[in-house]
Structure formats: structure tokens, C-alpha cells
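Fold and geometry: a report
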Amino acid sequence: MLSMSGGVVHLTSRLVFCFASAPLVLVKLLRDAPLVPVEGLHADEEAQLIAKVPFYCLLAHVALFMFSNLPCVFWCAAHGGWDNAEPRTMKAALAGLPARMHAAHANTMECLPVFLTSIYCAHCLQLEPVFLAKLAVIAITCRVLYFPLYYAKVDLLRTYVFTIWFFCCVLMMVGGLVPDLVPFFAPPAARARPPRPATTGSS
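Positions within a chain are numbered from 1, following the residues in the order the chain's sequence is written. pLDDT decides what is reported in this predicted model: residues at 70 or higher carry local features, side-chain atom pairs at 80 or more are listed and counted, and totals for whole chains, interfaces and linings draw on all residues regardless. Side-chain metrics rest on all non-hydrogen atoms present in the structure, leaving aside hydrogens and water.

Side note on the overall build of the protein chain
What counts is decided by this rule: In this text, helices come from DSSP runs of H or I with a minimum length of four residues, and strands from runs of E with a minimum of two, each type numbered from the N-terminal end. Values of the radius of gyration come from C-alpha atoms, whereas the globule rule sets the reference at 2.2 Å times the count of residues to the power 0.38. Relative accessibility under 20% of the residue-type maximum defines a buried residue, over 50% an exposed one, and the middle range a partly exposed one, all with a 1.4 Å probe and only protein chains included. In this description, contact between two residues means that some pair of their heavy atoms is separated by no more than 4.5 Å. For every accessible area listed, the method is Shrake-Rupley and the probe measures 1.4 Å; residues are considered covered only by the protein chains on display. As used throughout, the charge tally considers Lys and Arg to be positive and Asp and Glu to be negative, leaving His and the chain termini uncounted. Throughout, a charge is located at the NZ atom of Lys, the CZ atom of Arg, the CG atom of Asp or the CD atom of Glu.
Each helix and strand in the protein chain was counted, giving eight helices and zero strands. Overall, the protein chain shows an N-to-C arrangement of helices and strands of α-α-α-α-α-α-α-α. Its C-alpha radius of gyration of 21 Å places the protein chain more than 25% over the 17 Å reference for a compact globule of 203 residues. For the C-alpha atoms alone, the extent of the protein chain along its principal axes is close to 85 × 40 × 30 Å. Buried residues in the protein chain amount to 35% of all 203 residues. Of all intrachain contacts in the protein chain linking residues separated by at least 6 positions in sequence, the fraction that spans at least 24 positions is 77%. By element, 70% of the accessible surface of the protein chain is carried by carbon and sulfur atoms, the whole surface being about 12300 Å². Between the averaged position of the 14 positive side-chain charges in the protein chain and that of its 11 negative side-chain charges there is a distance of 9 Å.

Next up, the structure:
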């Protein structure tokens, strides 16, 4: 049931499920999941911290890129020895759990440039900071969840969290290009709040 493996009809139905429902889940998260407040910060300090959140998430992605190789390496070392002279040849012959460990690491390397580009575009286009911070946190959470799902061979859920990650990256770029879309993802209270009246200077 929790697998995409199968024929064309089975695969297509699961892909439709992922691409149709993952954006809805992402919208729900963006609207309902608040950023955790930090006590004792002034408004300007809080704004600075929120602006740094995407870069903390990028740093976390780089750390995943670096250290996600270790489970496969240590598994091989414990089951016959690790060949550091020909590691790629050794990994190419893997099967089962260690092969999935390596595949999860490879996917993390492949996704890092996309995540980096998305944050760079959002930063350059001055995407609304709270919106960008939420997208970055959701994206890196999906990356973390990706590993146990891959290891456990739960491939439908693995693809699902990957799809949410993908739409996070898309929204980082599209939100900067089309800023009028951002209010749609705001919490209901923020969307219902009337705009502040324009102030006029004294004559």
C-alpha cells in the first residue's frame, strides 16, 4: 500500500496523489504552523533572527550532505570492511539497506543546489521573511524525514515528503517573482486583518 512500485496504473495513481495533495498539505502548514517565538527579543532582533532562519536551514542541509554518507560507510565497515581506496566501486555493488543509505545520501547531494538556488532567489527578490523562514523550515524537516523513510523502504511516504520539499523550493522562487501570491499562504487572522490607513504628512 505504501509503495509506488508497480505497473503504469499503480504508479500514475500514486504520482497523482502526491502532486495533488502535497501542495494542500504545504498550504495547511504555512497557514497553521507558527514559527516558535523566542522570549526576550525586541521586534528588530526578532526580525533579524527570522531573516537568518533560511540560512540556518541551508547550513543544516550542508551538514546533511556531509554526514549522511556515514551510515552507509559504517554499515560497510561493520559488514566486511570499508574500501576507502575504491569507495564508488564498492557502493555500486551494494544492495538492500546500505544501497538505500547511499541513495539517500546521493539524493541529498543532488538536492542541495536546488535548495541553495531557491533561497538565493528568494533572498535577492526580497521574499517576505516569515514566509521564507516557514518554507525553509518545512523543507529541511522534509529532508530529515527523507532518511528514515528511505532506510525503512517506505517509498510512497518518502516520495511524498520529497514532493513537499520540491514545492517549498518552487514557492521560494515563485513567491519572490509574484509577491501577490504570498498573502494567500498567510494565517487566516493575518489575511483578515484590514490594511493600515495611509499616513499623511503635515502641511
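Now that the structure is up, let's keep going.
Focus: the nonpolar core
Which entries qualify depends on this criterion: The definition of a nonpolar core used throughout is a set of buried Ala, Val, Leu, Ile, Met, Phe, Trp, Tyr and Cys residues joined through side-chain atoms within 4.5 Å.
Within the largest apolar cluster, 44 residues are counted, with the highest numbers of intra-cluster contacts made by Leu26, Leu30, Phe115, Phe131, Leu135, Ile164 and Met172. Looking at this core element by element, the count peaks at 13 residues for helix H6 (residues 129-151). Not counting chain neighbours up to four residues away, the residues in contact with isoleucine 164 comprise Ala22, Val25, Leu26, Ile138 and Cys142.

Considering the packing of aromatic side chains
Defined as follows: Ring pairs are drawn from Phe, Tyr and Trp, using the six-membered ring of Trp, whenever the two centres fall within 6.5 Å, and their geometry is named by plane angle: stacked under 30 degrees, edge-to-face over 60, tilted for the rest.
Under the criterion given, the structure shown has nine aromatic pairs. Ring plane angle 85° and centroid distance 5.1 Å describe the contact between phenylalanine 184 and phenylalanine 185, whose orientation is recorded as edge-to-face. Since its relative accessible area comes to 46%, phenylalanine 184 is described here as partly exposed. An aromatic cluster of at least three residues, connected via ring pairs, comprises Tyr146, Tyr150, Phe162 and Trp165.

Some words on the side chain of lysine 91
Tracing the backbone through its elements, the reader meets lysine 91 in helix H4 (residues 87-92). Aside from chain neighbours lying at most four places away, what touches lysine 91 is Asn69, Cys72, Trp82 and His102.

Some words on the pattern of salt bridges
Worth spelling out the cut-off: We define a salt bridge as a side-chain nitrogen of Lys or Arg found within 4 Å of a carboxyl oxygen belonging to Asp or Glu.
Enumeration according to the criterion identifies one salt bridge in this entry. Residue aspartate 32 is joined to lysine 28 by a salt bridge in which the shortest nitrogen-to-oxygen separation is 2.7 Å. Taken as a pair, aspartate 32 and lysine 28 lie in helix H1 (residues 8-32) at a separation of four residues, close to a single helical turn. On the basis of relative accessible area, aspartate 32 is assigned to the partly exposed category, the value being 42%.

Let's talk about the side chain of arginine 158
Mapped onto the elements of the fold, arginine 158 is located in helix H7 (residues 155-177). No salt bridge is formed by the buried arginine 158. Its closest oppositely charged neighbour is aspartate 155, at 5.6 Å. Ignoring sequence-local partners within four residues, the contact set of arginine 158 consists of Tyr146, Leu149 and Tyr150.

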